[in-house]
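Observations on chain architecture
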Amino acid sequence: MTEKKVVYSLCCMCTGRCPIMVEVEGGVIKHIWGNPHVFGAKSLCPRGAAGVAFEYDNERPQYPMIRDGERGSGKWRRVSWDEALDFIADKLKTIIENYGAKAIALSDRGGPHTELQKLFLRSIGSPNYFTHHATCSNSVHNAHMSVAGHARNTVGYDYKNCKYMVVFGRNLLESLITGEARNVIEMINSGGKMVYIDVRWNYTASKAYKFFIINPGTDYALALALINVILNQHLYDADFVNKYVVGLDYLRSFIQPYTPEWAEKETGIPAEEIRKIAYEAADAKPSVIFHPGWMTAWNSQDFHFRRAIYILNALMGSYEAKGGIVISKGAGDAGVKIKQPTSIAPKVTEERCDGAGIKYPWIRAQWGMLQVLPEVIETGEPYPVKAYIAMRHDPLASMPDPEVWIKAFDKLDLVVAIDVNWSWTAWYADVILPEATYLERTDNILVRKGLKPQLALRQKVIEPRFDAKSRFQIFKALAERLGKGEYFPWKDEIEMVNWQLEGTGFTFEDFSKKGIIDLTKDPIWYDRNNLKFNTPSGKIEAYSEFLEKAGVPSLAPYERPESPPEGMLRLVSGKVALHTQGRTTSNNPYLNEIYPENHLYIHPEASKKFGVKDGDLVEVSSNGVSEKIRVRVSPYVHPEVAFMLHGFGDPVPVRTRSFGRGASDVRLMKEKLKVTVGGNCPLFETFVKINKI
Ligand code: SF4
């Protein structure tokens, strides 16, 4: 009889890591469900459900390969794992001998499943670990670190109990995480009100109590005007503010010029509506969320805009309040200590090459500024970087101006891509190592932080297809070849997980029952009378001495964003439920069939101006780069905006379904591989022309 089983694991079709239940029959995956034992995870988004199609798609790197032609020529030689790993190790050894281990850089998607690659870097002694966050979310992270001393992802939102939420440009109901979307809907169903602000209508806007199309890049003006009303009309939570907020006098004086009438001229949102938002939020405080957005870095003032948003939350007293911003509780808060693999190796003391934490002291080093790496490679300053490992990360497809990367690669002695996909970066690599997919590997333990912390595990569901290996196997084998095997002392992933659990009373087997381990029955709240913020003052800093000393104002004077030059529109990109991270979804057999390419959304006024109509094929161009895309005309997009979904215009020919379909937003972002004050790239500062083909 054919063996049937159910395996609990974690999805990896996006970065949400939703708990899943996988049905397997005769070694073949039949269906992927949400994990029924986890509240809020009972259903999956379309991407999660398309995990089966992803697994059985043959258009992925199937075996190790070494380049056998020019970089990017697509010429490869199939090799054994030993040959590929020996090749990489020999190159790395030579680089270490000549330039030191710091000449080796690695980037990944970020998140909790980065332990093994970070351990590898630590074991050889390189500080140069980078993440995708440099593209877009660094400013949110660094803003919150400077305001409240917590990483962006160590606070959560108690949506379900929220009474009033103001969301800026974050398509909560479509763009990423199922559980989050569910909780927002629950909030709305229980009478909570959501005000949504964006340059374009989307599904989240459709569920909002009020939706405003804002003039592009003026969100900071709106935030300042809201602070103005809240402070001048004494609408803030005085007890909370007096106890926890530093710099109220500074803030009061700073925001005086930024009245609702002034903001109306900037944002296009009526002054009366701005006042109403402030009053309605104040009536609901502290169960209020001013949502800072997530992956949407708009312009050079982004960092100060995000600081203003977090300050609004502080004025509402919403920190650690029911229905507000909640400081995430980890295993330690439930009295459980989980060992992390990186703790085995000593911390690296060498200076990073990107200046994060040093040249830019307010930009935290843990996520890095990957956009600086091509310049470091080109100039050799502050020191040479000679090898780059892209660990399931595709900067060419996700960062502005991929041509800059391709040029920088020419100066490298080694480019390695470890991936489950044929990424654009892999196409330019010297060596491709096929990683086992999320359904074929076991990762380190995930602590699901929140009011009720849990442990969860991504577990191997089926044996790897083709000649793929897990990241554990890959980095252990590389470390051993470089004489650093002592830092990977475990035989396999199961032994590593059991080591992580030592002293907790739990074992690997405990994940087989429900897929997760609850660490507490009741929610954990910190005492609101005794909150601790990890800032220099221990409080929420509307005025930051640390920033001011570093030459960055606590709040920068508002600057009106540049308008698109005559005959141009501002390029804005976003996501939908079917495609969030193009690299994992655009070539997926199911998702591609439903949504094969992106479109360019423009307002009827723009359609008239450019002489194009709905369905026309156009050339969108900027700074000598052009892409072809079909137009959609919609009254629900700002007249100055050209909107497209991110993740299309795939240039990798072996991804036959997505190859050449639609347009790439990042290729059009010429010369935007820059560092803004918040440490991200200015994603929405590109202007484009449109010509009918
Ligand atoms: S949001 Fe969807 S794709 Fe992302 S982890 Fe959850 S189910 Fe998977």
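Cut-offs used in this document
- Residues numbered from 1 in each chain as written.
- Predicted model: local features only at pLDDT ≥ 70, side-chain atom pairs only at ≥ 80, totals over all residues.
- Heavy atoms only, no water.
- Helix = DSSP H or I, 4+ residues; strand = E, 2+ residues; numbered from the N terminus.
- Rg over C-alpha atoms; globule rule 2.2 N^0.38 Å.
- Buried < 20%, exposed > 50% of the residue type's maximum accessible area, 1.4 Å probe, protein only.
- Contact = heavy atoms within 4.5 Å.
- Areas by Shrake-Rupley, 256 points an atom, 1.4 Å probe, with all protein chains shown as cover.
- Axes fitted to C-alpha atoms, helices over the stretch in contact; angles between N-to-C directions.
- Parallel < 35°, antiparallel > 145°, perpendicular 65-115°, else oblique.
- Left-handed = near helix turned anticlockwise from the far one by under 90°.
- Nonpolar A, V, L, I, M, F, W, Y, C, P; charged D, E, K, R; others polar.
- Pairing = 2+ DSSP bridges.
- Salt bridge = Lys/Arg side-chain N within 4 Å of Asp/Glu carboxyl O.
- UniProt positions renumbered as here; feature names shortened; annotations may be inferred.
- Phe/Tyr/Trp six-rings, centres within 6.5 Å; stacked < 30°, edge-to-face > 60°.
- Lys NZ or Arg CZ within 6 Å of the ring centre and 35° of its normal.
- Core = buried A, V, L, I, M, F, W, Y, C linked by side-chain atoms within 4.5 Å.

This part covers the overall build of the chain. When its secondary structure is counted, the chain shows 25 helices and 27 strands. The C-alpha radius of gyration computed for the chain amounts to 25 Å, which stays within 12% of the reference 26 Å derived for 693 residues, consistent with globular compactness. With the C-alpha coordinates of the chain rotated into their principal frame, the extents come out at 70 × 65 × 55 Å. Taking all 693 residues of the chain together, 63% fall into the buried category. Taking the contacts inside the chain whose residues are at least 6 apart along the sequence as the reference set, 73% of them involve residues at least 24 apart. Within the structure as shown, the chain displays about 25,300 Å² of accessible surface, and the carbon and sulfur contribution to it stands at 49%.

Direction vectors running N to C along helix 3 (residues 81-99) and helix 18 (residues 471-481) enclose 50°, while the axes themselves pass 9 Å from each other. Classified by the angle between their axes, helix 3 and helix 18 sit oblique to one another. Crossing handedness for the pair helix 3 and helix 18: right-handed. Contact residues: Trp81, Asp82, Leu85, Asp86, Ile88, Ala89 and Lys93 in helix 3; Ile474, Ala477, Leu478 and Arg481 in helix 18. Along the lines of polarity and charge, the residues of the contact of helix 3 with helix 18 split into seven nonpolar, no polar and four charged.

What follows covers the sheet that holds strand 7 (residues 129-131). Strands sit in the order 5-4-17-16-15-6-7 across an open sheet of seven strands; the sheet is mixed. At either end of the open sheet lies a strand with only one pairing partner, and these are strand 5 (76-78) and strand 7. For this sheet the average axis-to-axis angle between neighbouring strands, irrespective of direction, equals 20°. On the sheet, helix 3 packs against strand 4 (65-67), strand 5, strand 6 (104-108), strand 15 (387-391), strand 16 (414-419) and strand 17 (431-434) and is oriented at approximately 130° with respect to strand 17. Contacting strand 6, strand 7 and strand 15, helix 4 (residues 115-124) runs over the sheet at an angle of about 170° to strand 6.

Next up on the list: the pattern of salt bridges. Tallying each qualifying case throughout the model produces 38 salt bridges. Note that Arg471 and Glu435 form a salt bridge whose closest N and O atoms lie 2.7 Å from each other. One end of the pair, Arg471, is in helix 18; the other, Glu435, is in the loop between strand 17 and strand 18 (446-448), with 36 residues separating them in the sequence. Linking Asp616 and Lys613 is a salt bridge whose minimum nitrogen-to-oxygen distance equals 3.4 Å. For Asp616, a relative accessible area of 9% gives the class buried.

Under the feature "domain: 4Fe-4S Mo/W bis-MGD-type" (unreviewed entry), the UniProt entry names residues 4-59. Along residues 4-59 one finds 16% helix and 38% strand; the C-alpha atoms at either end are 27 Å apart.

Here the focus is the packing of aromatic side chains. Scanning the model with the defined rule gives 27 aromatic pairs in all. Ring geometry for Tyr319 versus Phe533: centroids 5.7 Å apart, planes at 90°, classification edge-to-face. Highlighted residues: Tyr319 in the loop between helix 13 (302-315) and strand 14 (325-327) and Phe533 in the loop between strand 20 (516-518) and strand 21 (540-541), separated in sequence by 214 residues. Here Tyr319 and Phe533 have matching classes, each one buried. For the pair Phe488 and Trp490, a centre-to-centre distance of 6.4 Å together with 80° between the ring planes defines the contact as edge-to-face. The same class applies to Phe488 and to Trp490, which are both buried. The rings of Tyr220, Tyr250, Phe254, Tyr258, Trp262, Tyr543 and Tyr558 are connected pair by pair, giving a single aromatic cluster. Taking the ring centre of Tyr601 as reference, the NZ or CZ of Arg200 above it sits at 4.7 Å. Above the plane of the ring of Phe643 lies Arg200, whose end atom (NZ or CZ) is 4.0 Å from the centre.

Running from N to C, helix 8 (residues 219-232) and helix 10 (residues 248-255) point in directions that differ by 115°, and their axes come no closer than 9 Å. Our pair here, helix 8 against helix 10, has a crossing hand that is left-handed. Contacts between helix 8 and helix 10 involve Tyr220, Leu224, Ile227, Asn228 and Leu231 from the first element and Leu248, Leu251, Arg252, Phe254 and Ile255 from the second. Partitioned by chemical class, the residues of the contact of helix 8 with helix 10 number eight nonpolar, one polar and one charged.

Let us look at the sheet that holds strand 9 (residues 164-168). To summarise the sheet geometry, strands pair through backbone hydrogen bonds and adopt either a parallel or an antiparallel arrangement. Strand order in the open sheet formed by four strands is 11-10-9-13, and the pairing between neighbours is parallel. The open sheet has two edge strands, strand 11 (210-213) and strand 13 (288-291), and neither has a second partner. The average angle at which neighbouring strand axes cross in this sheet is 10°, direction not considered. Sheet topology places strand 10 (residues 193-198) next to strand 11; four bridges connect them, and they run parallel. Residue pairing in the sheet places Val195 in a bridge with Lys210 of strand 11. The strands touched by helix 6 (residues 178-189) are strand 9, strand 10 and strand 13; relative to strand 10, the strand with the most contacts, the crossing angle is about 125°. With respect to the sheet, helix 12 (residues 271-284) is in contact with strand 9, strand 10, strand 11 and strand 13, its orientation differing from that of strand 9 by roughly 135°.

All right, on to the nonpolar core then. Among the nonpolar cores identified, the biggest contains 154 residues, and Met165, Leu315, Leu373 and Tyr388 are the most heavily contacted of them. One finds Ile66, Leu85, Ala387 and Phe472 within the second-largest nonpolar core, a separate group that totals 39 residues.

What follows is about the pairing of strand 17. With burial as the criterion, each face of strand 17 is covered, one bearing Val431 and Leu433 and the other bearing Ile432 and Pro434. Pairing between strand 16 and strand 17: four bridges, direction parallel. Note on strand 17: the bridge partner recorded for Ala417 is Ile432.

What follows deals with unusual backbone geometry. Omega for the bond connecting Lys285 with Pro286 falls within 30 degrees of zero, at 10°, which places this linkage in the cis form. Counting through the fold element by element, Pro286 comes out in the loop between helix 12 and strand 13. With omega at 5°, the peptide bond leading from Glu381 into Pro382 counts as cis. Its location among the elements puts Pro382 in the loop between helix 14 (373-379) and strand 15.

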